[in-house]
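# Structural overview
If you want the building blocks of each chain, they are given just below.
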Amino acid sequence: MKTYKIAIVPGDGVGHEVVPAAQAVLNKTAGLYNFNLEYQQFEWGAGYYKKHGEFMPANGLETLKSFDAILFGAVGLPEVDDTLPAKDYTFKVRTSFQQYVNYRPVRVWPGVTRPLRSEKPFDFVVVRENTEGEFVQVGSQVHPDTENGMGVDTSIFTRKGIERIARFAFELARKRRKKLTYVTKSNTLIHSLTYWDRVIEETHAAYPDVELRKMYIDATSANFVLKPEIFDVVLTTNLFGDILSDLGGALMGSLGMGGSGNINPEKTFPSMFEPIHGSAPDIAGQGIANPYGTIWSAALMLETLGEAEAAKSIMNAMDAATSQGVLPVDLGGNHGTSDISKAVMDNLK
């Protein structure tokens, strides 16, 4: 029987509620599909920072290396500087473990009322470059307290970085509907994003069976709302993908429905899976946090580990639960975190 070692990092706020809800689903799924999950939990995040002055211990990354995957909740608390969580936890893990793919799927959920008037179904994946681009945090503030003060952040786009995320996106499109839209703003960012465009177009030569379309970020944002059904795989820069994938969450009815993976495709390091929502400290402890996004992230984790049938079973069980009206507060329902977890488990087959 296969055994997978999973690092559990609930983080802060509702992470301590949605991650255990997903674990319960994982445990039942493992029993049904004949594999074992071994967990070790780490209480890292903003709460840890308040006690120790760091978001994880100095050997945190070395500790995580020995695991097959990481299931993460969310990080951040109102009383902790919000420039720190990404820099000192999320980005540190993503870059150190070469999790250069941020995989964020967007789909229709049965039984969920969507904010769009159109009833046309949509099912697409935002593939976001996850380790460079606009979020490298290379920059500085120069004489910030003077009238000539300035702040500078530099975006970095490398051939290696663009090629590998483009290849992943093209390979994914081949497995889906063979349509890839890449998002850019090269008409104004005439150095960095013309290079982004060029390398993606060059990479396309190896994938002639995939239809490639270029779309500016403003047009993409509008089309997400007006006609999301036209998208299949959406390839974006780090910043654009961060924004567009949250818009994708809104299209599904709530950010609480969104799952994601920070993936190292070569599996030289563990990948990390997390819901797209934040720590939501305002509702923490009330038992009403939406766990669907975290459960979906757990399914993505199993799929990445090679347990595709088990992952599909979780997705089917979530569809059954939402179609039965088991909806959280953020979708206008009255079911709590544990209610939803139990409903998903009851529908597992």
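Remember, it's a predicted structure, so these values are computed and weren't measured experimentally.

Scanning the chain for helices and strands turns up 11 helices and 12 strands. The C-alpha radius of gyration of the chain comes to 20 Å, within 12% of the 20 Å expected for a compact globule of 349 residues. The C-alpha extent of the chain, read off along each of the three principal axes, is 55 × 50 × 40 Å. Across the 349 residues of the chain, 54% fall into the buried class. For the chain, restricting intrachain contacts to residue pairs at least 6 apart in sequence, the fraction spanning at least 24 positions comes to 75%.

This part takes up the sheet that holds strand 8 (residues 179–184). Sheet architecture is open: 10 strands sit in the order 2-1-3-12-11-4-5-10-8-9, paired in mixed fashion. Because the sheet does not close on itself, it has two edges, and the strands there are strand 2 (35–41) and strand 9 (211–216). On average, adjacent strands in this sheet sit at an angle of 25° to one another, irrespective of strand direction. Relative to strand 12 (residues 271–275), strand 11 (residues 259–263) runs antiparallel, the two sharing four bridges. Paired with G259 across the bridge in strand 12 is P275. Contacting strand 1 (2–11), strand 3 (69–74), strand 4 (101–107), strand 5 (123–129), strand 11 and strand 12, helix 4 (residues 84–96) crosses the sheet at an angle of about 140° to strand 12.

Moving on to the side chain of S341. Its location among the elements puts S341 in helix 11 (residues 337–346). Contact partners of S341, with chain neighbours within four places excluded, come to A21, A24, V25 and I295.

Moving on to the packing of aromatic side chains. Considering all chains together, one arrives at 15 aromatic pairs under this definition. Summarising the aromatic geometry, the rings of F157 and W196 are spaced 6.0 Å apart at their centres and angled 65° between planes, so their arrangement reads as edge-to-face. Linking F157 in the loop between strand 7 (150–156) and helix 5 (159–175) with W196 in helix 6 (residues 192–204), this pair joins segments that are 39 residues apart in sequence. Like W196, F157 is buried. Geometry around F67 places K5 over its ring, the cationic atom sitting 5.2 Å from the centre. Just above the ring of W296 sits the side chain of R107; from NZ or CZ to the centre is 6.0 Å.

Moving on: the nonpolar core. Counting residues in hydrophobic clusters, the biggest one holds 84 residues, and the most contacted among them are V127 and L235. Among the elements that make up this core, the one with the highest residue count is helix 9 (residues 292–305) (nine residues). Core analysis: the next-biggest nonpolar cluster, separate from the first, contains 21 residues, A7, F67, F72 and V93 among them.

Reading the values: rules and limits
- Residues numbered from 1 in each chain as written.
- Predicted model: local features only at pLDDT ≥ 70, side-chain atom pairs only at ≥ 80, totals over all residues.
- Heavy atoms only, no water.
- Helix = DSSP H or I, 4+ residues; strand = E, 2+ residues; numbered from the N terminus.
- Rg over C-alpha atoms; globule rule 2.2 N^0.38 Å.
- Buried < 20%, exposed > 50% of the residue type's maximum accessible area, 1.4 Å probe, protein only.
- Contact = heavy atoms within 4.5 Å.
- Pairing = 2+ DSSP bridges.
- Axes fitted to C-alpha atoms, helices over the stretch in contact; angles between N-to-C directions.
- Phe/Tyr/Trp six-rings, centres within 6.5 Å; stacked < 30°, edge-to-face > 60°.
- Lys NZ or Arg CZ within 6 Å of the ring centre and 35° of its normal.
- Core = buried A, V, L, I, M, F, W, Y, C linked by side-chain atoms within 4.5 Å.

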